[in-house]
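Secondary and tertiary structure notes
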Amino acid sequence: MRTQILKATILAVMILAASVFEIQAQKIKGSDTMLPLSQKEAEAFMKKNPSKTVTVTGGGSGVGISALMEGTTDLAQLSRKIKFDEKKKLQEKGKTVKEVTVAYDALAVIVHPTNKVTNLTREQLEGIFTGKIKNWKEVGGADMAIVPYSRETSSGTYEFFKESVLNKKNYMPGIMSMPATGAIVQSISQTKGAIGYVGLAYLNKSVKAIHVSYDGGKTFVQPSIANAKNETYPIVRPLYYYYDTKSEAKVKAFIDFVLSAEGQKIVSEIGFIGK
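**Thoughts on the pattern of salt bridges**
For the coordinates displayed, the defined rule picks out 15 salt bridges. Arg151 is the partner of Asp32 in a salt bridge, and the nearest nitrogen-oxygen pair spans 3.2 Å. Linking Asp32 in the loop between β1 (25-30) and α2 (35-48) with Arg151 in strand β6 (residues 147-151), this pair joins segments that are 119 residues apart in sequence. Taken as a pair, Asp32 and Arg151 share a single burial class, namely buried. The salt bridge partner of Lys252 is Asp256, with a shortest N-O separation of 2.7 Å. Separated by 4 residues within a single helix, Lys252 and Asp256 lie in helix α9 (residues 248-259), roughly one turn from each other. Residue classification places Asp256 among the partly exposed residues on the basis of a relative accessible area of 38%. Through salt bridges with shared partners, a single ionic network connects Arg122, Glu123, Glu126 and Lys169.

**Quick word on helix α6 (residues 156-164)**
Turning to α6, its buried residues number three or more, namely Gly156, Thr157, Tyr158, Phe160 and Phe161. One side-chain oxygen at the N-terminal end of α6 lies 3.0 Å from the backbone nitrogen of Thr157; it belongs to Ser155.

**Digging into the nonpolar core**
Formed by 66 residues in total, the largest nonpolar core has its most connected members in Leu120, Phe129, Phe161, Ile195, Tyr241 and Phe254. Looking at this core element by element, the count peaks at 9 residues for strand β4 (residues 97-111). Once residues within four sequence positions are removed from consideration, Leu120 is found in contact with Leu125, Ile128, Trp136, Val139, Ile195, Ile210, His211, Val212, Ser213 and Phe220. Leu68, Leu78, Ile82 and Tyr242 belong to the second-largest nonpolar core, a separate cluster that totals 10 residues.

**Looking at helix α10 (residues 261-270)**
Those residues of α10 lying buried are Gly263, Gln264, Ile266, Val267 and Ile270. Along the axis of α10, the buried positions cluster into a sector of 150°, meaning they face one direction only. Residues of α10 that are exposed and point over 90 degrees away from its buried face: Ala261, Lys265 and Glu269. Positioned one or two residues after α10, Gly271 has a phi angle of 115°, which is positive.

**Remarks on unusual backbone geometry**
One non-glycine residue, Asn167, lies in positive phi territory at about 55°. Residue placement: Asn167 occurs in the loop between α6 and β7 (176-178). Of note in the backbone geometry, Lys168 takes a positive phi value of approximately 70° without being a glycine. By the secondary structure assignment, Lys168 is in the loop between α6 and β7. Given a relative accessible area of 60%, Lys168 falls into the exposed group.

**Examining the layout of surface pockets**
Estimated volume of the largest pocket: approximately 260 Å³. The wall of the largest pocket is formed by 14 residues, among which Arg80, Lys81, Glu159, Phe160 and Glu163 lie closest to the centre. For the lining of the largest pocket, the secondary-structure elements that each account for two or more residues are α6 and β11 (236-244). Per-element accounting of the lining of the largest pocket gives the leading share, 6 residues, to α6. Of the residues in the lining of the largest pocket, the class split is 3 nonpolar, 3 polar and 8 charged. Here the second largest pocket is characterised by a volume of approximately 210 Å³. Along the wall of the second largest pocket there are 14 residues; nearest its centre are Gly71, Thr72, Thr73, Asp74 and Lys250. Elements supplying a minimum of two residues to the lining of the second largest pocket: β1 and β2 (53-57). Among the elements that make up the lining of the second largest pocket, the one with the highest residue count is β1 (3 residues).

**Examining the pairing of β11**
In summary, the side chains of a regular strand alternate between the two faces of the sheet. By the criterion of burial, β11 is predominantly enclosed, with 7 of the 9 residues buried. Two strands pair when backbone bridges link them, and strand β3 (residues 75-78) and β11 are joined in this way by 3 bridges, in the antiparallel orientation. Note that in β11 the partner of Leu78 across the bridge is Tyr240. Where β4 meets β11, 9 bridges bridge the pair, whose relative direction is antiparallel.

Definitions and cut-offs
Residues numbered from 1 in each chain as written. Predicted model: local features only at pLDDT ≥ 70, side-chain atom pairs only at ≥ 80, totals over all residues. Heavy atoms only, no water. Salt bridge = Lys/Arg side-chain N within 4 Å of Asp/Glu carboxyl O. Helix = DSSP H or I, 4+ residues; strand = E, 2+ residues; numbered from the N terminus. Buried < 20%, exposed > 50% of the residue type's maximum accessible area, 1.4 Å probe, protein only. Polar contact = N/O pair within 3.5 Å; in protein donor to acceptor, adjacent residues only side chain to side chain. Core = buried A, V, L, I, M, F, W, Y, C linked by side-chain atoms within 4.5 Å. Contact = heavy atoms within 4.5 Å. Arc of directions from axis to C-beta. 1 Å grid on protein atoms, 1.4 Å probe; cavity = no way out; pocket = protein on both sides within 12 Å on 5 of 7 lines; lining within 4 Å. Points joined across faces, edges and corners; volume = space filled by probe spheres on them. Nonpolar A, V, L, I, M, F, W, Y, C, P; charged D, E, K, R; others polar. Pairing = 2+ DSSP bridges.

See the structure below:
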């Protein structure tokens, strides 16, 4: 009898422990731009809260929202605002989402380090990515074909660049579409005529950042945290977490940490702009 009671007690404790662990484990999915930020925040959060587990994966903003719809993620990380049809689909599934702005990101236009072009206007960038400008000599560079790289359509960065830089015009047909931001950096570092765009946190010495003008070529501004903060660099966007309000208790501690002084310090260290 005692043995049975003991076994039942052990089983009950195991079930309770498993359910507690399940409550404390949470998933973040979506924007590749936000991947390095969420990963670092998760590491720091878990260090302070050893009983909690946070897993972070990318795939693009659209993938994050789809996962939220399917209930396979707790937080969707987006580098763009949620679309009206996405919100509607979530509501149809009985989900009401809450939006939290956690940081801001400057989008850098990058080329191969040997490219002599340093300055481009918004209009020139529009011409390049829509296929009207095909050779670097048309914008003051060498006689060399331009090879534009883009993120894929599920990416929030793809959408934001189209809206802000291309003035909502379509990308050129057959543009080189990459599944992840890191792949764009790698491809451009290996292709002399290449050009693409990445979040500021992805900049490294293997590529060169272009100075951009949004005033017809009067002033060209380098992408940097300082220039994004003082609002002289024009290509800046908010970064978001979205979650189902029913999951608020589960995700609140992590979001509070990201928005805290410690969490916002990580935002700056990674190369994003704090709130």
